[in-house]
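# Inside the fold
One letter stands for each residue in the lines below.
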Amino acid sequence: MSLINTQVVDFKVQAYHNGEFKEVTNETIKGQWSVFFFYPADFTFVCPTELGDLADNYSKFQEMGCEVYSVSTDTHFVHKAWADASETIAKIKYPMLADPTGTLARGFGVMIEEEGLALRGTFIVNPEGQIKAYEIHDLGIGRNAEELVRKVQAAQFVAEHGDQVCPAKWQPGAETLTPSLDLVGKL
């Protein structure tokens with residue numbers, strides 16, 4: 001079953017964010033674009049490369065009015081310990097959500113029940129709390145934050161210009177398409 005256009009599940013979790021513990025809920029995310037970036041576990045191998053890549057591109061998300069939430073089934077205490085132990089994780093400025101009960105991982109369909117871990121799932125959520133795009137990877141396949149920036153830009157463009165759509169490899173400022181009978185079979 002597709003999660004496109006479904007509402008984010010109700011949730012209330014702890015986060016490690018800018019040296020503090022904070023509560024984040026499904027109400028917190030309303031009113032702005034959000035990215036939920038699930039990863040298997042703290043203190044692992046591919047995960048810090050992805051989270052570091054997100055940290056390096058975080059200002060681009062902020063410029064678009066988009067908050068990034070990394071999520072694992074670790075606790076907020078483990079997130080803090082990882083930030084204290086790793087230069088890569090220490091540079092993270094976005095909230096790191098703790099999902100030790102798996103509520104979010106199950107709600108987004110990425111929970112690996114027998115391992116208590118999340119798959120690498122990336123979800124773009126609009127200001128109304130609806131999932132507009134997502135991608136799920138197996139554990140060994142890392143993601144690219146620059147491509148995620150492009151996807152958020154495309155989702156925002158389509159939301160603002162409902163009669164236009166973004167073709168493959170679209171970048172802001174590039175030509176879009178206006179679906180119509182005249183385009184059928186012409187592309």
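Up top you'll find the structure we're talking about.
In this report, we go over the structure that sits alongside the text.

Conventions adopted
Residues numbered from 1 in each chain as written. Predicted model: local features only at pLDDT ≥ 70, side-chain atom pairs only at ≥ 80, totals over all residues. Heavy atoms only, no water. Pairing = 2+ DSSP bridges. Helix = DSSP H or I, 4+ residues; strand = E, 2+ residues; numbered from the N terminus. Axes fitted to C-alpha atoms, helices over the stretch in contact; angles between N-to-C directions. Contact = heavy atoms within 4.5 Å. Polar contact = N/O pair within 3.5 Å; in protein donor to acceptor, adjacent residues only side chain to side chain. Parallel < 35°, antiparallel > 145°, perpendicular 65-115°, else oblique. Left-handed = near helix turned anticlockwise from the far one by under 90°. Nonpolar A, V, L, I, M, F, W, Y, C, P; charged D, E, K, R; others polar. Phe/Tyr/Trp six-rings, centres within 6.5 Å; stacked < 30°, edge-to-face > 60°. Buried < 20%, exposed > 50% of the residue type's maximum accessible area, 1.4 Å probe, protein only. Right-handed = clockwise from strand over helix to strand, strands pointing away.

### Thoughts on the sheet that holds strand β8 (residues 120-125)
Pairing is mixed across the open sheet formed by seven strands, whose spatial order is β2-β1-β5-β4-β3-β8-β9. Each edge of the sheet is formed by a strand with only one pairing partner; in this case those strands are β2 (20-25) and β9 (131-137). Looking at each pair of strands side by side, their axes are set apart by 25° on average, direction ignored. Pairing analysis gives six bridges linking β8 to β9, with the strands arranged antiparallel. When the sheet's bridge partners are listed, I124 is paired in β9 with A133. This element, helix α2 (residues 76-85), spans β1 (12-17), β2, β4 (66-72) and β5 (96-98) of the sheet and lies at about 15° to β1. Helix-sheet contacts for helix α5 (residues 145-160) involve β3 (33-38), β4, β8 and β9, and the interaxial angle to β3 is about 145°.

### Considerations on the environment of S2
Mapped onto the elements of the fold, S2 is located in the segment before β1. Engagement of the side chain of S2 in a polar contact is seen with the backbone nitrogen of I4, the distance being 3.1 Å.

### Quick look at the packing of helix α1 (residues 46-63) against α5
Running from amino to carboxyl end, α1 crosses α5 at an angle of 25°, the nearest separation of the two axes being 9 Å. Taken together, α1 and α5 sit at an angle that is classed as roughly parallel. Crossing handedness for the pair α1 and α5: right-handed. When α1 is examined against α5, the residues D53, L54, N57, K60 and F61 are found in contact with a partner set consisting of A145, E146, L148, V149 and V152. Residue composition of the contact of α1 with α5, by class: six nonpolar, one polar and three charged.

### Examining the packing of aromatic side chains
Overall, the coordinates contain 13 aromatic pairs when judged by the stated rule. Judged by centre distance (6.1 Å) and plane angle (90°), the ring pair of F11 and F36 falls under edge-to-face. Taken together, the residues F11 in the segment before β1 and F36 in strand β3 connect sequence positions 25 residues apart. With a centroid separation of 5.1 Å and 55° between ring planes, the pair formed by F38 and F108 is classed as tilted. Pair noted here: F38 is in strand β3 and F108 is in the loop between α4 (103-107) and β6 (111-112), with a separation of 70 residues, a long-range link. Residue class for F108 comes out buried when judged on its relative accessible area of 1%. Clustering of aromatic rings is evident, with ring pairs tying together F11, F36, F38, Y69, F108, F123 and Y134.

### Overview of the pairing of β4
Consecutive side chains along a regular strand alternate between the two faces of the sheet. With seven of seven residues buried, β4 is to be regarded as a mostly interior element. Side-chain alternation along β4 places C66, V68, S70 and S72 on one buried face and E67, Y69 and V71 on a second face that is also buried. Examined bridge by bridge, β3 and β4 share six bridges and lie parallel to one another. Note on β4: the bridge partner recorded for F37 is S70. Between the parallel elements β3 and β4, the chain passes through α1 in a crossover that is right-handed.

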